[in-house]
Amino acid sequence: MEKNQSSTDSSSNMFLTGTILLANLDYSGLADYAVKALVGGVIWMAFKVAGDYISERLKKK
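The shown structure was predicted, so the numbers you read here are calculated from the model rather than taken from an experiment.

**Considerations on the overall build of the protein chain**
When helices and strands are counted, the protein chain shows two helices and zero strands. In the protein chain, which comprises 61 residues, the share counted as buried stands at 0%. Just so you have it, the protein chain exposes about 6,200 Å², and 65% of that area is on carbon and sulfur atoms.

Dropping the structure here:
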């Protein structure tokens, strides 16, 4: 006797969902956002380091 069983594979469902979501992704916009986020992070880090340096100098006086 043969039984016809349809089993669902969760990894294939996730792969299909991910493929559909990534197919509609705007890669040029994502690259622009990544560059802006990187530049913003560098500026924030510079202000943070400068603030810590100035704070330490004021504490020593």
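The rest of the description comes next.
**Here we look at the environment of Thr19**
Mapped onto the elements, Thr19 comes out in helix α1 (residues 10-23). Taking the relative accessible area as the measure of exposure, Thr19 reaches 40% and is therefore partly exposed.

**A short note on a nonpolar patch on the surface**
A contiguous nonpolar surface patch, about 390 Å² in accessible area, is contributed by Leu22, Leu25, Tyr27 and Leu30. Exposure remark for Leu30: the relative accessible area of 43% places this residue in the partly exposed category.

About the thresholds
Residues numbered from 1 in each chain as written. Predicted model: local features only at pLDDT ≥ 70, side-chain atom pairs only at ≥ 80, totals over all residues. Heavy atoms only, no water. Helix = DSSP H or I, 4+ residues; strand = E, 2+ residues; numbered from the N terminus. Buried < 20%, exposed > 50% of the residue type's maximum accessible area, 1.4 Å probe, protein only. Areas by Shrake-Rupley, 256 points an atom, 1.4 Å probe, with all protein chains shown as cover. Patch = residues over 30% accessible without salt bridge, like charges linked within 9 Å, V, L, I, M, F, W, Y side chains within 5 Å. Salt bridge = Lys/Arg side-chain N within 4 Å of Asp/Glu carboxyl O.

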